[in-house]
Amino acid sequence: MQTSLPEELLQVFQRSSTADLVTLDRHRRPTAWPVTPSFDPDEVCIDVGPVGGADDAVRDAHVALLFSEAAPMVLVQGPARVRAAIRVRPERVYVWPGADLDAEPALYDARVEEVRSAHNAEPEVGHPPPEGGPPEWDARLDALGSTHATAVLAFVGPDGFPFAVRVPVGADRAAGVVRIEADPVGAPIEPGLACLCARALHVRGDLEEDRGGWILRPHGTIADAGATVSA
């Protein structure tokens, strides 16, 4: 298979032992699952699973994979095919050199022979608005910002693909929210449905703006969702 992706990115896929797979459920709510990826250099595809998100990937082939265990941080968006495992074929790849959230990411398009800045020309399809309602605070969220200094933030981009980025987080029990302590350059963050994944801690809720920053208002927490699996 021909690809315009540079060799250094293919090496990221080859050497990475962990990643986070983001799928969309029937309500177009994003869910992040820790996975162990397996790169197929001949097909230039990445296999993961089976995982809890397999049913979601069957319903909606739009998925994303975030590689954030080391620099550079790399986000892969593409269609998924589910058989014995979930096979992701990269279409767009965002790269944050040095995992620097203040730097403009490069955008590699695997479908054409070009490298662009992080501007997405796909048509906007919209995404579900926040659910609303009071937060559901779980004592396990107190670990965010201490035991878990960072977490994977997953949401839906304006083109209908899930988007994910690893961000610093902090628990604000008094306000009943998780504070996103960064505003990543190049990430199309908008208010809407979102989730946070910090190892086995999995939080769904509403992503909202607050005093110039972003917060997640939790509506559900699971402590053992998305256990890491191998392809």
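Data block above holds the structure.
Notes on the structure in this doc start here. Just so it is clear, the model here is predicted, and its values are computed rather than measured.

This brings us to the overall build of the chain. Regarding its fold elements, the chain presents two helices and 16 strands. When the accessible surface of the chain is split by element, carbon and sulfur atoms take 49% of a total near 10,000 Å².

With omega at -5 degrees, the peptide bond leading from Ala 71 into Pro 72 counts as cis. Assignment of secondary structure puts Pro 72 in the loop between strand E5 (62–67) and strand E6 (73–82). Unlike most non-glycine residues, Arg 28 shows phi in positive territory, near 65 degrees. With respect to the element layout, Arg 28 can be found in the loop between strand E1 (19–24) and strand E2 (30–35). Its relative accessible area of 25% is what places Arg 28 among the partly exposed residues.

Turning next to the pairing of strand E13 (residues 177–180). Looking at chain direction, strand E12 (residues 162–172) and E13 are connected through four bridges and run antiparallel. Residue Ala 171 lies in a different strand from E13, and its bridge partner there is Val 178. Where E12 folds back onto E13 in an antiparallel hairpin, the turn is made up of four residues, including Gly 176, whose phi is positive at roughly 70 degrees. The pairing of E13 with strand E16 (residues 213–222) spans three bridges and is antiparallel. Bridging from a neighbouring strand, Val 178 pairs with Leu 216 of E16.

A word on the side chain of Asp 40. In this structure, Asp 40 sits in strand E3 (residues 38–40). For Asp 40, a relative accessible area of 18% translates into the label buried. Looking at Asp 40, its side chain comes within polar contact range of the main-chain nitrogen of Glu 43, at 3.2 Å. Setting aside chain neighbours within four positions, we find Asp 40 in contact with Cys 45 and Arg 87.

Strand order in the closed barrel formed by six strands is E11-E12-E13-E16-E15-E14, with antiparallel pairing between adjacent strands. Recorded for the sheet is a direction-independent mean angle of 45 degrees between the axes of neighbouring strands.

Rules of the game
Residues numbered from 1 in each chain as written. Predicted model: local features only at pLDDT ≥ 70, side-chain atom pairs only at ≥ 80, totals over all residues. Heavy atoms only, no water. Helix = DSSP H or I, 4+ residues; strand = E, 2+ residues; numbered from the N terminus. Areas by Shrake-Rupley, 256 points an atom, 1.4 Å probe, with all protein chains shown as cover. Buried < 20%, exposed > 50% of the residue type's maximum accessible area, 1.4 Å probe, protein only. Pairing = 2+ DSSP bridges. Polar contact = N/O pair within 3.5 Å; in protein donor to acceptor, adjacent residues only side chain to side chain. Contact = heavy atoms within 4.5 Å. Axes fitted to C-alpha atoms, helices over the stretch in contact; angles between N-to-C directions.

These values are about where atoms sit, not about what they do.
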